Amino acid sequence: MQFAADTLLQEKIRQAIIDGYVSVYRITNGDSLESTDYSLVGKDGTAYDFEQLMLYKNKDATIYKYSIYVDGYKVANTIISDKKKTMAQPALCVLKLFQMCSTKLIYQEMQSAIHNIQTPNKYKILN
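An account of the accompanying structure is given in this report. (Residues numbered from 1 in each chain as written. Predicted model: local features only at pLDDT ≥ 70, side-chain atom pairs only at ≥ 80, totals over all residues. Heavy atoms only, no water.)

### Some points on a nonpolar patch on the surface
A surface patch of nonpolar side chains, amounting to about 380 Å² of accessible area, comprises L53, L55, Y56 and I79. If one sorts the elements of the nonpolar patch by residue count, strand β3 (residues 47-57) sits on top with 3 residues. As for its position among the elements, L53 is in strand β3. Residue L53 is classed as partly exposed on the basis of its relative accessible area of 32%. (Patch = residues over 30% accessible without salt bridge, like charges linked within 9 Å, V, L, I, M, F, W, Y side chains within 5 Å. Areas by Shrake-Rupley, 256 points an atom, 1.4 Å probe, with all protein chains shown as cover. Salt bridge = Lys/Arg side-chain N within 4 Å of Asp/Glu carboxyl O. Helix = DSSP H or I, 4+ residues; strand = E, 2+ residues; numbered from the N terminus. Buried < 20%, exposed > 50% of the residue type's maximum accessible area, 1.4 Å probe, protein only.)

Shown next, in the form of structure tokens:
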């Protein structure tokens, strides 16, 4: 996988996640998560999409495919089992970017909740 060796591209994606607004779209089937898609646009207008797709599920394990797209071009993908304890460096590079998206999304939601709590209090003080 060439993506693991392309540290400049990885850093560009990391910086876009840090600087940008991450949105998420989830598809479920009953109580099973079929796919999660994160997307954002970098400061330079580059579009980044992160797709986690469930490929297979049984009682023992679930297999996911992780793909990263830059302006619609697939730059990385890997397949990982939820039972896998250790991973090769290429898969780890991809997974870390997905984790950054998830963490950023949680941060954004917390910021929004804090803003929603503080905003009514501001109006009470002003009036």
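### With respect to the packing of aromatic side chains
One pass over the structure, following the stated rule, counts 4 aromatic pairs. Arranged with centres 6.3 Å apart and planes meeting at 50°, the rings of Y64 and Y66 form a pair that is tilted. For Y64, a relative accessible area of 18% puts it in the buried group. Ring geometry for Y66 and F98: centres 4.9 Å apart, planes at 80°, overall edge-to-face. With a gap of 32 residues between them, Y66 in strand β4 (residues 62-70) and F98 in helix α2 (residues 89-126) connect regions that are remote in the sequence. (Phe/Tyr/Trp six-rings, centres within 6.5 Å; stacked < 30°, edge-to-face > 60°.)

### Remarks on the side chain of T46
By the element assignment, T46 lies in the loop between β2 (32-41) and β3. When its relative accessible area of 7% is taken as the criterion, T46 is described as buried. There is a polar contact of 2.9 Å between the side chain of T46 and the side chain of D44. Sequence-distant contacts of T46, defined by excluding residues within four places in its chain, comprise K12, L40, V41, V70 and D71. (Polar contact = N/O pair within 3.5 Å; in protein donor to acceptor, adjacent residues only side chain to side chain. Contact = heavy atoms within 4.5 Å.)

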